[in-house]
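# Reading the structure
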Amino acid sequence: MSEAPTPTDDVVPGQRPPDGDPARHDVLEAIARDALRSHGIGPDATLTLLNVSENATYAVDDPATGERCVLRVHRPGYHSRRAIESELAWIAALRAEHVVSTPEVLPTREGDLVCVGRDLERGGEQRHVVRFAWVPGQEPAGLRLVDDFRALGAITARLHAHARRWERPAWFTRFTWDYDTSIGARGHWGRWQDGMAVGLAEHAVLARLDEALRRRLAAFGSGPDRFGLVHADMRLANLIVDLDGRAATETGRDGPSAPARDVTVIDFDDCGFGWYLYDLGSSLSFIEDDPRVPELIDAWVEGYREVGELSPDEVAELPTFVLLRRLLLVAWIGSHSDTELARSMGADFTRGTCELAEQYLARLA
């Protein structure tokens, strides 16, 4: 394995570079192209920016081989190199044990799964970079939303079952997503109080929600049956469905625990230790006020119970995790105001969160 300079691993909650600003894109592409040299991919490769959120993600088309891959340029100060390697270790275990389909992680020419890319033209900014195999397909269609949530529940149950039995490497380290590091004083995405359009009236409502969530989560508990390694971003946007069935050919395995063969789970970047039920909350990200949510939750529970167990107490607490994620997203939007997604949500998202909070609090009264 090669030795390389390491970008700063210091994590400052809620702080991030404004990578969503188009003025930053030249820097990010320069870092990506430098990292590609470690993978033997030349400067004539075509890079297409797919997304900027915590990280910058590119599709890479290499004319020398005719192959496409995905390159993830990590933001500094969010995950340490060891934490990124821990994420990749879980992905490797899931692939090796055929739990779910996930993209293959592609090593550098020297065998490293994580390399360093530098902007050599503008001061030498450095980032951790990871390359993944391209997965054909698309995000599940909204027209099949209930069926998609049923499938998502089953996939989530498989992930949870594996997390409970997997013997992690001794060096394994990932974020913890508990109350304090989600919406509390050490929130990984900053403070909901700094969200867009959180004025005095909104603050009053959301503070009541915050306190109710704190009490409910404490009462629910964080024993090993309820709290463990989770994906933490199980949105439909992080599933890829291969409509042509190519993933089935690549997987080629059947059995009682085999996943739906045309579905691939991507983006484990936020995986960490949290409540298992938080994965349901993350599945409803940005659509928590959709009138179909009760039906979607029922479908998710049905799919989950095809593979794993959910007690009546756990099902009854699911709204708490929906609201936990929603309040966390208020913080995310505030700390990611440079991204297109955050700007599209804006003040309306905060107002909608207040309405959902009032409904949730009324049910608890």
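This one's a predicted model, so the numbers in the text were calculated from it and none came from an experiment.

### What about unusual backbone geometry?
A positive phi angle, close to 55°, is found at H98, a residue other than glycine. One can find H98 in the loop between α2 (81–96) and β4 (105–106). Look at A232: it is not a glycine, yet its phi comes out positive at around 75°. By relative accessible area, A232 is classed as buried at 2%.

### A short note on the pattern of salt bridges
Applying the stated rule across the entire model yields 29 salt bridges. The partner of E317 in a salt bridge is R216, with the nearest N and O atoms 2.9 Å apart. Taken as a pair, E317 in the loop between α9 (312–316) and α10 (318–335) and R216 in helix α5 (residues 200–220) lie far apart in primary sequence, 101 residues in all. The class of E317 is buried, set by a relative accessible area of 9%. Among the charged side chains, a network of salt bridges with common partners joins D19, R24, E125 and R127.

### Points about the environment of E314
Tracing the backbone through its elements, the reader meets E314 in helix α9. Along the chain, E314 and F220 lie 94 residues apart, while their C-alpha atoms are 8.6 Å from each other.

### Some words on the sheet that holds strand β11 (residues 272–275)
Spatially, the three strands line up as an open sheet ordered β7-β11-β8, and their pairing is mixed. Each edge of the open sheet carries a strand with a single partner, namely β7 (176–177) and β8 (227–230). Two strands pair when backbone bridges link them, and β7 and β11 are joined in this way by two bridges, in the parallel orientation. Bridging across to β11, T176 finds its partner in F273.

### Some words on the confidence of the model for the protein
Averaged over all residues, the pLDDT of the protein is 90; the fraction at 70 or higher stands at 90%. Counting contacts from residues 1–5, a segment whose pLDDT is below 50, to residues more than four positions away or on other chains yields 10 contacts. Taken as a whole, residues 10–14 scores under 50 in pLDDT and shows 14 contacts with residues more than four places along the chain or in a different chain.

### Concerning the packing of α2 against helix α3 (residues 145–165)
How two helices sit against one another is set out by the angle between their axes and by the gap between those axes. Orientation of α2 relative to α3, taken along the N-to-C sense of each, is 110°, at an axis distance of 11 Å. Classified by the angle their axes make, α2 and α3 are roughly perpendicular. Residue-level inspection shows W90, A93 and L94 of α2 in contact with α3, the latter providing L159, H162 and A163. Among the residues forming the contact of α2 with α3, the class breakdown is five nonpolar, one polar and no charged.

Thresholds, definitions, all that
Residues numbered from 1 in each chain as written. Predicted model: local features only at pLDDT ≥ 70, side-chain atom pairs only at ≥ 80, totals over all residues. Heavy atoms only, no water. Helix = DSSP H or I, 4+ residues; strand = E, 2+ residues; numbered from the N terminus. Buried < 20%, exposed > 50% of the residue type's maximum accessible area, 1.4 Å probe, protein only. Salt bridge = Lys/Arg side-chain N within 4 Å of Asp/Glu carboxyl O. Pairing = 2+ DSSP bridges. pLDDT = per-residue confidence, 0-100. Contact = heavy atoms within 4.5 Å. Axes fitted to C-alpha atoms, helices over the stretch in contact; angles between N-to-C directions. Parallel < 35°, antiparallel > 145°, perpendicular 65-115°, else oblique. Nonpolar A, V, L, I, M, F, W, Y, C, P; charged D, E, K, R; others polar.

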